[in-house]
Amino acid sequence: MVGIVLISHSSKVAEGVKELALQMIDNISIIAAGGTKENELGTDMDKITLAINQVYSEDGVVILFDLGSAYMNAQMAIETLPEEMQKKVKILDSAFVEGAIVVAVQSGIGKNLMEIEEAVKELCLHKIL
């Protein structure tokens, strides 16, 4: 099963989106990596790296983010991973909440990393928001 990491500048937002995704489908591997280590507003590369490692499987990991610096910290976190893991971690650009729902459902029904990425692209293409 593809793991999911939700990165928001707010730990409360990340936890809320995680809660919403789990209401849709509860048999998923999902973690909220919002805020800094001190739970202040912002993002933290180390927190993101830990989250990736916690949900990682051979099926891979999808990362969703809310704002630009979350994307940058996710990229830096991926760069710290072993090369084999890096190839199986994807950052997807999508509306944060809607993307999380799509990714959660797709992962929960057993879709692979490429199929999940296509579903998110379809979401963005058709603006099913």
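Preceding this section is the structure that the text describes.
Bear in mind that the values here come from a model prediction, so they are computed numbers and not experimental data.

The rules behind the values
Residues numbered from 1 in each chain as written. Predicted model: local features only at pLDDT ≥ 70, side-chain atom pairs only at ≥ 80, totals over all residues. Heavy atoms only, no water. Axes fitted to C-alpha atoms, helices over the stretch in contact; angles between N-to-C directions. Helix = DSSP H or I, 4+ residues; strand = E, 2+ residues; numbered from the N terminus. Parallel < 35°, antiparallel > 145°, perpendicular 65-115°, else oblique. Left-handed = near helix turned anticlockwise from the far one by under 90°. Contact = heavy atoms within 4.5 Å. Nonpolar A, V, L, I, M, F, W, Y, C, P; charged D, E, K, R; others polar. Pairing = 2+ DSSP bridges. Salt bridge = Lys/Arg side-chain N within 4 Å of Asp/Glu carboxyl O.

Quick notes on the packing of helix H2 (residues 45-55) against helix H3 (residues 68-79)
Argument step 1. Taken N-terminus to C-terminus, the directions of H2 and H3 make an angle of 60 degrees; their axes are 8 Å apart at the nearest point. Of the possible angle classes, the one that applies to H2 and H3 is oblique. In this structure, H2 meets H3 at a crossing whose hand is right-handed. Across the interface between the two elements, Met45, Ile48, Thr49 and Ile52 from H2 touch Ala70, Asn73, Ala74, Met76, Ala77 and Ile78 from H3.
Argument step 2. Looking at the contact of H2 with H3 residue by residue, the class counts come to eight nonpolar, two polar and no charged.

Digging into the sheet that holds strand S3 (residues 61-65)
Argument step 1. One open sheet holds the four strands; their spatial order is S2-S1-S3-S4, and the pairing between them is parallel. Of all the strands in the sheet, just strand S2 (30-32) and strand S4 (89-92) have a single pairing partner and so form its edges. Each strand of the sheet is rotated relative to its neighbour by a mean of 20 degrees, with strand direction disregarded.
Argument step 2. Bridge count between strand S1 (residues 3-7) and S2: three bridges; the pairing is parallel. Considered in S2, the bridge of Val5 is made with Ile31.
Argument step 3. The strands touched by helix H1 (residues 11-24) are S1 and S2; relative to S2, the strand with the most contacts, the crossing angle is about 155 degrees.

Considerations on the environment of Val61
Argument step 1. For Val61, the location among the structural elements is in strand S3.
Argument step 2. For the pair Val61 and Thr49, spaced twelve residues apart in the sequence, the C-alpha separation amounts to 12 Å.
Argument step 3. Excluding anything up to four places from it in sequence, Val61 contacts Val2, Gly3, Val5, Ile52, Val55, Tyr56, Lys88, Val89, Lys90 and Leu113.

As for the pattern of salt bridges
Argument step 1. Across all of its chains, the model carries five salt bridges by this definition.
Argument step 2. With a shortest N-O distance of 2.5 Å, Lys88 and Glu58 are connected by a salt bridge. With Lys88 in the loop between helix H4 (83-86) and S4 and Glu58 in the loop between H2 and S3, this residue pair connects regions lying 30 residues apart in the sequence.
Argument step 3. With a shortest N-O distance of 3.4 Å, Lys90 and Glu117 are connected by a salt bridge. Pair noted here: Lys90 is in strand S4 and Glu117 is in helix H6 (residues 113-126), with a separation of 27 residues, a long-range link.

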